[in-house]
Amino acid sequence: MGWMKKRMVLSYQTHTTNVRLVTEEDAGKGIVKERDYKDIDGLITNVPGITLVTFFADCVPLYFLDPVHKAIGLSHSGWRGTVSRMGAVTIDKMKEAYGTRAEDLLVCIGPSICGDCYEVGEEVALEFKKVFANQNWNQILREKDNGKFMLDLWKANEILLKEAGVKPENIQTTDICTHCNSDYLFSHRTCGNERGNLAAFLSLKE
Ligand SMILES: [Zn+2]
C-alpha cells in the first residue's frame, strides 16, 4: 500500500540544500497533484506510508533512517550539494523536526558516479578544498596530469556524515557506479541531456 502513487511526494531539485518537512497534506505532490514548492533537494517525514521520491543520474542519493524516532530522510547530493554539506543539513532538519540524534541514524550512500569516473575542473576541486580539511583531500581528490581532478563523492559524503556524528558502522556506501554501468543505469556523464532519470524511494512501513 505504501507504494501507492497517490501517497508519493516528489522533490523539486535544483542543487540547493533546501529540505522540506513532508506531512500528510503533501501526499501525492509531484505525481497526482501540483507541487506548491520549488528548489527542494531533500525530503524528510515521519508519516508512515508516504513515499519520498528524489531523482538522479550521477548525483548521490542519501537515505536516512532514524529507527528511534521513526523518521526518514532522502536527499539529492551532487557536487554542489556535497560541497554545501547536504548530508549534514538533512540531519540538522531531522534533529529539529523529530529530535533525531546523528548517532542513531542509519545512512546509505546510493548508486551514483564513482571516484574513477568523475573528472572535474580545478574550480570544483578548489570548492572541496575550501570545505574539507587538508588531511581529507587525498581521499577525495586525485590530481591528474591534465590539470583536472578525479573527485570521489562517495568518500566526501562519508566524511561529512561522520563529521556530523553518524557512526561509521551505520554508513553503507554503494559500489554501484552509474557511469561504469551506463548500459543499465542513467548517467549524465554518459548520455548528457538525452537521458532518463533514476529515482530513489524511501518510505516508513504503515
Ligand atoms: Zn565509475
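Up top is the structure these notes are about.
Residues numbered from 1 in each chain as written. Predicted model: local features only at pLDDT ≥ 70, side-chain atom pairs only at ≥ 80, totals over all residues. Heavy atoms only, no water.

What to know about the overall build of the protein
Secondary structure assignment for the protein yields six helices and 12 strands. Taken over the C-alpha trace, the protein has a radius of gyration of 17 Å; the compact-globule value for 206 residues is 17 Å, and the two agree within 12%. Considering only C-alpha atoms, the protein reaches an extent of 50 × 40 × 25 Å along its principal axes. Per-residue burial over the protein gives 49% buried out of 206 residues. Considering only contacts within the protein whose residues lie at least 6 apart along the sequence, 68% involve residues at least 24 apart. For the protein, the exposed area adds up to about 10,100 Å²; of that, 49% sits on carbon and sulfur atoms. Here the protein holds 25 positive side-chain charges and 28 negative ones, and the gap between their average locations is 3 Å. (Helix = DSSP H or I, 4+ residues; strand = E, 2+ residues; numbered from the N terminus. Rg over C-alpha atoms; globule rule 2.2 N^0.38 Å. Buried < 20%, exposed > 50% of the residue type's maximum accessible area, 1.4 Å probe, protein only. Contact = heavy atoms within 4.5 Å. Areas by Shrake-Rupley, 256 points an atom, 1.4 Å probe, with all protein chains shown as cover. Lys, Arg positive; Asp, Glu negative; His and termini not counted. Charge placed at Lys NZ, Arg CZ, Asp CG, Glu CD.)

Here's the deal with the coordination of the zinc ion
In an ideal tetrahedron of four donors about a metal, each angle is 109.5 degrees. In an ideal octahedron of six donors, the angles are 90 or 180 degrees. Looking at the zinc ion, the protein donor atoms are Cys114 (SG), Cys117 (SG), Cys177 (SG) and Cys180 (SG), and they sit 2.3 to 2.4 Å from it. Here the zinc ion binds four donor atoms, and the angle range of 100 to 119° at the metal identifies the geometry as tetrahedral. The sequence pattern formed by the donor residues of the zinc ion is C-x2-C-x59-C-x2-C. Taken as a pair, Cys114 in the loop between strand S7 (106–109) and strand S8 (119–120) and Cys180 in the loop between strand S11 (171–173) and helix H6 (188–191) lie far apart in primary sequence, 66 residues in all. (Donors = N, O, S within 2.8 Å, 3.2 Å for Na, K, Ca; no water. Tetrahedral: all angles 85-135°; square planar, octahedral: opposite > 155°, others 65-115°.)

Comments concerning the packing of aromatic side chains
Within this structure, the stated rule accounts for one aromatic pair. Ring plane angle 5° and centroid distance 5.9 Å describe the contact between Phe128 and Phe132, whose orientation is recorded as stacked. Of the residues examined, Phe132 reaches a relative accessible area of 3% and is grouped as buried. Over the ring of Phe132 we find Arg85, and its NZ or CZ is 5.8 Å from the ring centre. (Phe/Tyr/Trp six-rings, centres within 6.5 Å; stacked < 30°, edge-to-face > 60°. Lys NZ or Arg CZ within 6 Å of the ring centre and 35° of its normal.)

Details of the sheet that holds strand S1 (residues 8–10)
In spatial order, the strands read S1-S4-S12; together these three strands make up an open sheet with mixed pairing. Edge positions in the open sheet fall to S1 and strand S12 (198–203), since each of these has one partner strand only. With direction set aside, neighbouring strand axes in the sheet form an average angle of 30°. Pairing geometry for strand S4 (residues 51–56) and S12, over six bridges, is antiparallel. By the bridge assignment, Leu52 is partnered in S12 with Leu202. (Pairing = 2+ DSSP bridges. Axes fitted to C-alpha atoms, helices over the stretch in contact; angles between N-to-C directions.)

Observations regarding the environment of Ile31
Inspection of the secondary structure puts Ile31 in the loop between strand S2 (19–22) and strand S3 (42–45). By relative accessible area, Ile31 is classed as partly exposed at 34%. Remark: the alpha-carbon pair of Ile31 and Lys6, spanning 25 residues in sequence, is separated by 7.1 Å. Ignoring sequence-local partners within four residues, the contact set of Ile31 consists of Lys5, Met8 and Leu10.

Some thoughts on the layout of surface pockets
By volume, the largest pocket amounts to about 380 Å³. Lining the largest pocket are 19 residues; nearest its centre among them are His15, Ala57, Cys59, His76 and Arg195. Of all the elements in the fold, those that place two or more residues in the lining of the largest pocket are S4, helix H1 (79–83) and H6. Its residues placed into classes, the lining of the largest pocket shows eight nonpolar, seven polar and four charged. (1 Å grid on protein atoms, 1.4 Å probe; cavity = no way out; pocket = protein on both sides within 12 Å on 5 of 7 lines; lining within 4 Å. Points joined across faces, edges and corners; volume = space filled by probe spheres on them. Nonpolar A, V, L, I, M, F, W, Y, C, P; charged D, E, K, R; others polar.)

What about the pattern of salt bridges?
The tally for this structure, following the rule as stated, stands at 14 salt bridges. Across the pair Arg142 and Asp116 runs a salt bridge, and its minimum N-O distance is 3.3 Å. Of the two residues, Arg142 sits in strand S9 (residues 141–143) while Asp116 sits in the loop between S7 and S8, which places them 26 residues apart along the sequence. Glu127 is the partner of Lys130 in a salt bridge, and the nearest nitrogen-oxygen pair spans 3.3 Å. Taken as a pair, Lys130 and Glu127 lie in helix H3 (residues 122–131) at a separation of three residues, close to a single helical turn. You can call Lys130 exposed: its relative accessible area is 63%. Within the structure, one salt-bridge network assembled from shared partners comprises Arg20, Asp26, Lys29 and Asp36. (Salt bridge = Lys/Arg side-chain N within 4 Å of Asp/Glu carboxyl O.)

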